[in-house]
Amino acid sequence: MTDAEKPLDSNSLQAHVATELRLYDTASHAVSRFVPIVAGKVGIYVCGATVQSSPHIGHIRAAVAFDTVRRWLLRLGYDVTFVRNVTDIDDKILDKAAAAGQQWWERAYFYEREFTQAYDALGVLPPTYEPRATGHVSDMVELIGRIIDNGHGYVVRDEQGEPTGNVYFDVASWPQYGELTHQKQSGGANSVAGAPDEAAAVADRMGPSVDAAGDDKYNPVDLADASPDKHDVRDFALWKAPKPSDPQTARWSTPFGTGRPGWHIECSAMSHRYLGRMFDIHGGGLDLRFPHHENEMAQTKAAGWNSAARWMHSAWVTAKGEKMSKSLGNGLSVPAVLAQDSPWVVRYALGSVQYRSMLEWSDQTLAEARSAFERISNFIERAGAALAGTALADGILATDALASNGQPSLEEVTAVSADDLPADFVTAMNDDINVSGAVAAIFTTIRSGNTLLAALAAGPAKGSTTGSTTAETENLRAALLSVRAMLDTLGLDPLAEPWAGDAGNGSAAAGAGVSEHKALDTLITEQLDARAQARKAKDFAKADAIRDALNAAGITIEDGPQGSTWSLA
Ligand SMILES: [Zn+2]
């Protein structure tokens, strides 16, 4: 075997603290040590969107939650394969497309792009693979064949013995059914004792959907579900005969009749296709536990394949204590939320609460996120400026600091190993991705960084040597690198993509987004002050000339009772 043929010893790339990661598992109702199936690698499958309408923050909260899990695994040194599917055919897509006079794929592609834009805007890393259900019909047909051959599925036939297109999973043939969500307590030797976690208990009380009942594929009102052909009420559709209203383009011929996929089969087919044996984690929103994930687990195992070793579910967003649903209107669609606040602030609001906790969305949530942004960006800018050797004058960055902003490069930030991050941050993240503890650790480092900044601004104390200032500078640099690496782990480094625009290569460019805004603000504020003075002195020609010059540069001025504000046109 040559060196090139030798398998990569992934363990050597891993942080020592990777062995201390503990994650919750829905099936066992317990937090346990995470051990990958293949050393050094992690395979994750997360149920993605049904692309029938615009994304709302409930969808994006789940995406941010699993993005944070993925980023922590990457920081621990794992090679992560992250799969998130797109459900591009289902009853809702077909019905809504028909109502709107669209082709079903036209609607699906349109909303798929909206989801992608929302993920990108909020800094959710693109998946390694993003398969569409309609691209995997042959995989689904093969899988259904295996389930039937293994005696766990049955084809419904008409009076002539011809297959109708309806195929059901035979729940009675699968005694393990219910092992994920414990909907039925078997009490068998392998059952895990212990009370269900609070989030799961709430989910069971509130019903299984982010959206209103019957309004999505996981809680459907469908003819196939109510079919008298089912052997058992618990049986669920693997393949569905077409409804009379289904267009010809939404029908596939199979050995068990013409039709289209059932509600759960796509995820079993695609997780197996892209992860195979390396199926460490299956994620999704809490509302998908039952029936979607319970059915998925049964299908996959009944086909003789490995199901996920661990199941993780993110809780949902509540507004005034109630589960978010479409009945609350469009105010919580991603574009509506982003019209009010910056994407960074929205990501922070969505991502700074542990994934298993309900997230209450309110003015207070956003106010806290804005205040966090102020404290974080203020420290990063001041620390960068101080490190660039620039004095701070009245809190405004001098020109030198813009040219060389004193920031560690993005490469440096992403290269920091979890082993080198503050212990309280690592402990929190290893404790089932406890992001609120992790955020507290970031602010602890910022506080000590601010103390160092104050000491540097005060200059060397009498009688001290330059050596102590050098030590303080070194400590400040370490604190800045640490803060940015911790933020990056949460997808919140303000100088990284997507917050810093297209700048992604090198420190000066990476800092440009924040620094440029600051520089512009300084220059424009000066012009606005001059304009205010001119108006006060009734020199309206001068005031107008200043406004026109700003307008010509693409800057819009708004006059209000608190003075004038600016924005880029
Ligand atoms: Zn799924």
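Just so it is clear, the model here is predicted, and its values are computed rather than measured.

Chemist: How should the sheet that holds strand β9 (residues 281-285) be read in this particular structure?
Modeler: Where strands meet in a sheet, backbone hydrogen bonds hold them as pairs that are either parallel or antiparallel. In spatial order, the strands read β4-β3-β9-β10; together these 4 strands make up an open sheet with parallel pairing. Two strands in the sheet have a free side with no partner beyond their single neighbour: β4 (79-84) and β10 (310-314). Here the strands of the sheet are splayed against their neighbours by 20° on average, with no regard to which way each runs. The pairing of strand β3 (residues 41-46) with β9 spans 3 bridges and is classified as parallel. What sits directly across from Ile44, in β9, is Ile281. Where helix α6 (residues 265-275) meets the sheet, it contacts β3, β4 and β9, and its direction lies at approximately 155° from that of β4.

Chemist: How do you make sense of the environment of Ala18 when you look at a structure like this?
Modeler: By the element assignment, Ala18 lies in the segment before β1 (22-25). Of the residues examined, Ala18 has 22 C-beta atoms within 10 Å and is grouped as buried. Counting along the chain gives 22 residues from Ala18 to Gly40, while the straight-line C-alpha distance between them is 9.7 Å.

Chemist: Any chance you could explain the pairing of strand β5 (residues 153-157) here in plain terms?
Modeler: Here is the key point about a regular strand: its side chains alternate between the two faces of the sheet. Burial of β5 is extensive: 4 of the 5 residues sit out of reach of the surface. Relative to strand β6 (residues 163-169), β5 runs antiparallel, the two sharing 4 bridges. Along β6, the bridge assignment pairs Arg157 with Pro163. Linking β5 to β6, which pair antiparallel, is a turn of 5 residues; within it Gly161 sits at a positive phi near 85°.

Chemist: What's the story with the pairing of strand β15 (residues 563-568) in this structure? I'm lost.
Modeler: With 0 of its 6 residues buried, β15 lies for the most part at the surface. Bridging between strand β14 (residues 555-560) and β15 involves 6 bridges; their strand directions are antiparallel. Counterpart to Ile557 in the pairing with β15 is Trp566.

Chemist: Before we go on, may I ask you to explain the sheet that holds strand β11 (residues 317-319) in this structure?
Modeler: What the 3 strands build is an open sheet, ordered β12-β11-β13; its pairing is mixed. Both edges of this open sheet fall to β12 (322-323) and β13 (359-360), since each of them pairs with a single strand only. As defined by bridge partners, β11 adjoins β12 across 2 bridges and the pair is classed as antiparallel. Residue pairing in the sheet places Ala319 in a bridge with Glu322 of β12.

Chemist: Sorry, what's going on with the UniProt feature "binding site: Zn(2+)" (unreviewed entry) in the protein chain here?
Modeler: With numbering matched to this structure, UniProt assigns "binding site: Zn(2+)" (unreviewed entry) to Cys47, Cys267, His292 and Glu296. For the residues just named, distributed over 250 residues, the greatest C-alpha separation is only 11.1 Å, placing them together at one site. Note on placement: Cys47 falls in the loop between β3 and α1 (57-75). Along the chain, His292 falls in helix α7 (residues 289-302). Residue His292 is classed as buried on the basis of its C-beta count, with 23 C-beta atoms lying within 10 Å.

Reading guide: rules and limits
- Residues numbered from 1 in each chain as written.
- Predicted model: local features only at pLDDT ≥ 70, side-chain atom pairs only at ≥ 80, totals over all residues.
- Pairing = 2+ DSSP bridges.
- Helix = DSSP H or I, 4+ residues; strand = E, 2+ residues; numbered from the N terminus.
- Axes fitted to C-alpha atoms, helices over the stretch in contact; angles between N-to-C directions.
- Contact = placed C-beta atoms within 7 Å.
- Buried ≥ 20, exposed ≤ 12 C-beta atoms within 10 Å, placed from the backbone.
- UniProt positions renumbered as here; feature names shortened; annotations may be inferred.

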